[in-house]
2 protein chains.
Amino acid sequence: MTFTERLEDHASRVERHLDEWLSTDKLGAVPDRLLDAMRYGTLGGGKRFRPFLVIESAALFGVPVEKALNAGSALECIHCYSLVHDDLPAMDNDDLRRGRPTVHKAFDDATAILAGDTLLTVAFEIIAHESTHPNPAVRAALGLELARASGGAGMAGGQMLDLMAPGKTLGEADIRTLQAMKTGALITYGCVAGGILGEASKAELAALKTYGDALGAAFQLADDLLDAEGDASVVGKATGKDQEAGKGTLVSLLGLEAAHAKLQNLKAEALGALAPFKGRDAMLVGAAEFVVARKF
Amino acid sequence: MTFTERLEDHASRVERHLDEWLSTDKLGAVPDRLLDAMRYGTLGGGKRFRPFLVIESAALFGVPVEKALNAGSALECIHCYSLVHDDLPAMDNDDLRRGRPTVHKAFDDATAILAGDTLLTVAFEIIAHESTHPNPAVRAALGLELARASGGAGMAGGQMLDLMAPGKTLGEADIRTLQAMKTGALITYGCVAGGILGEASKAELAALKTYGDALGAAFQLADDLLDAEGDASVVGKATGKDQEAGKGTLVSLLGLEAAHAKLQNLKAEALGALAPFKGRDAMLVGAAEFVVARKF
């Protein structure tokens, strides 16, 4: 199976798993409208790249796909909640996402706030559930790291920095910090969570963290390059948005050439970190190549 | 120590504990503005009644106060996040809480959304942290139940029902369900969490749940009675708000006399559930009396 086939295969499994979890069977008597909004904001597409990382990092330690779906789906719930809240009028004020109305447009602002809150909460319900891993120490560790990755020193903190960025002059270190928090933290978590599920050693977890950090930075840099260079008809979304918004990115700071070189360095760093997993790391190698080459 | 002295004593311990947790020492590099908003929305008062329930339920099983502060503080973070989001213009649109500007007024809407999200996330970070309980099975159980109590079939779901209520004719069962979710679930969690911390038996946990359910229903009914009968100068907030908002409450449905009788029944039910803890339940008895008599 090629990398892309595997990515699609996992994505459809994650989709089905989220579809099962986001139901009254699993969650109890959630009001219809709230559940509809949560499902609208979560189901129906997406590459499910973060769950892919959980599944493939766990696979390094012999964990079968179905045993990694809970942790992967919990991470995807966090990612989706962040998009629902980020799209709100008080935040980025976006009316469209993936070509259809955002949650607050399809429902209303209050419902979108509550749907985001509930998706965030569901993530921790899934993680703590016995079906995530038989060892409660694993479930507690997954929950602790997920909270750290998505909290004030992670994703939510990164969104705060992003909100405060317009009009400020950010240096390279500031931009790296912002991106490592806003985008990188959940990508790193995906890699580390797989190791936690597989009860990896400290050294192995550290290697996965190094891989995830480099991958996350590459992910964001590739995105910035696409925004600066991409053809909107190929990328499938408006390009040049960062410049228009006055957002400092590494691309605007370093220039295109240096940014491309940096991207290759990050890829090399990510691949280097996989050394302890030689021979069974094809999909994580593929993920690094995919991120660097992404044309979506 | 009287009940009120104990309530105040625990409240100041919880305040100090939250003050410690809501810091970069504990949470890492949270951006200043975000941390300020989280602290503003959490610190500086409140009866801390939910943490009190955690502490006193845990005390039934010999758990010292300091060992219950994490679980109690996590619950308080959930309660505070819900207030921050509930006050937003898209939700209840309140400018004042406890006599000072709400978080979105003191900061801005986007910061309030992120501060609420982060407080919600911090709750699960605290719960999963080793210092909450040495047994990871206890931490995982606390996290699972907290997610259920605060999620779509709990508090957040109750807020959704509340949002959809105006203009609808709710029957007694509908109102009970709404209140049990919106207000009751976190109160019940407080009681059950103490039992989980104390590694209580299933029968003991069931008794705490029965107590908590009755206490939560009494809490809301007493609130509704205050709103209908209370003197604003005594209550310290506007009264008659429910009627003005066209909100159906059990008081408007049953009438004052029947509502008072119902309140006494709920108190009796709560006290009855404490039978297994006879001789060491003075503070939980006090809590039931406090809730029924409350004049705040």
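Residues numbered from 1 in each chain as written. Chains lettered and ligands numbered in written order. Predicted model: local features only at pLDDT ≥ 70, side-chain atom pairs only at ≥ 80, totals over all residues. Heavy atoms only, no water.

If you look chain A up in an unreviewed UniProt entry, it shows as Probable farnesyl diphosphate synthase from Rhodomicrobium udaipurense. Per UniProt, chain A has the following entry under Cofactor (unreviewed entry): "Mg(2+)". Its UniProt record, at the heading Sequence similarities (unreviewed entry), says of chain A: "Belongs to the FPP/GGPP synthase family." (UniProt positions renumbered as here; feature names shortened; annotations may be inferred.)

It is worth spelling out the interface of chain A and chain B at this point. Listed per partner, the contact involves 45 residues of chain A and 45 residues of chain B. Summed over both sides, the interface of chain A with chain B buries roughly 3500 Å², with 78% coming from carbon and sulfur. Considering only the side of chain A, the residues that lose the most area to chain B are A:Leu114, A:Thr121 and A:Met160, jointly responsible for 16% of the buried surface there. A:Glu125 is paired through a salt bridge with B:Arg148; the nearest N and O atoms lie 3.7 Å apart. Our count for the contact surface shared by chain A and chain B stands at two residue pairs in polar contact (both at pLDDT 80 or more). Of all the secondary structure elements, the ones that give two or more residues to the side of chain A that touches chain B are helix H3 (32-40), helix H5 (65-86), helix H7 (109-128), helix H8 (136-150) and helix H9 (155-164) of chain A. If you tally residues by element for the side of chain A that touches chain B, the top one is H7(A), at twelve residues. Tallied by class, the residues present in the side of chain A that touches chain B amount to 27 nonpolar, twelve polar and six charged. (Contact = heavy atoms within 4.5 Å. Buried area = accessible area lost by both parts, 1.4 Å probe. Salt bridge = Lys/Arg side-chain N within 4 Å of Asp/Glu carboxyl O. Polar contact = N/O pair within 3.5 Å; in protein donor to acceptor, adjacent residues only side chain to side chain. Helix = DSSP H or I, 4+ residues; strand = E, 2+ residues; numbered from the N terminus. Nonpolar A, V, L, I, M, F, W, Y, C, P; charged D, E, K, R; others polar.)

What follows deals with the relation of the copies chain A and chain B. Least-squares fitting of chain A to chain B yields an RMSD of 0.0 Å, with the transformation described by 0.0 Å of translation along the axis and a rotation of 180 degrees. Taken together, the rotation and translation describe the operation of a two-fold axis. Here 100% of the contact residues of chain A are again contact residues in chain B; the copies associate through an equivalent surface. (Least-squares fit on C-alpha atoms with pLDDT ≥ 70 in both.)

A few words on helix H8 (residues 136-150) of chain B. All names here are of chain B. If you check H8, its first and last C-alpha atoms are 21 Å apart, about what 15 residues at 1.5 Å a residue would give, namely 21 Å. In terms of burial, H8 is a largely internal element, eleven of the 15 residues being buried. Within the span of H8, buried status applies to Pro136, Val138, Arg139, Ala140, Leu142, Gly143, Leu144, Leu146, Ala147, Ala149 and Ser150. Between the side-chain oxygen of the N-cap and the backbone nitrogen of Ala137 there are 2.9 Å, and the N-cap of H8 in question is Asn135. (Expected span 1.5 Å × (residues − 1). Buried < 20%, exposed > 50% of the residue type's maximum accessible area, 1.4 Å probe, protein only.)

Right, let's talk about the pattern of salt bridges for a bit. All names here are of chain A. Evaluation of the coordinates by the stated rule reveals 26 salt bridges over all chains. Lys182 is the salt-bridge partner of Asp162, the closest N and O atoms lying 3.2 Å from each other. With Asp162 in helix H9 and Lys182 in helix H10 (residues 172-197), the pair connects residues that are 20 residues apart, well separated along the chain. Put simply, Glu15, Arg48 and Glu76 are held in one network by salt bridges that share partners.

Residue and element names in this part refer to chain A. Two elements in contact, helix H11 (residues 202-229) and helix H16 (residues 282-293), have axes whose closest approach is 9 Å; the angle formed by their N-to-C orientations is 20 degrees. Classified by the angle their axes make, H11 and H16 are roughly parallel. Both H11 and H16 take part in a crossing whose hand is left-handed. Residues Leu208, Tyr211, Leu215, Ala218, Phe219 and Ala222 of H11 form the contact with H16, whose own contacting residues are Leu284, Ala287, Ala288 and Val291. (Axes fitted to C-alpha atoms, helices over the stretch in contact; angles between N-to-C directions. Parallel < 35°, antiparallel > 145°, perpendicular 65-115°, else oblique. Left-handed = near helix turned anticlockwise from the far one by under 90°.)

For the rest of this paragraph, the subject is the environment of A:Trp21. Residue and element names in this part refer to chain A. Looking at the element boundaries, Trp21 is found in helix H1 (residues 3-21). Considered as a pair, Trp21 and Ser73 are 52 residues apart in the sequence and their alpha carbons are 8.7 Å apart. Excluding residues within four positions of it along the chain, Trp21 makes contact with Lys26, Leu27, Asn70, Glu125, Ile126, His129 and Ser131. Reaching out from Trp21, the side chain makes a polar contact with the side chain of Asn70 at a distance of 3.0 Å.

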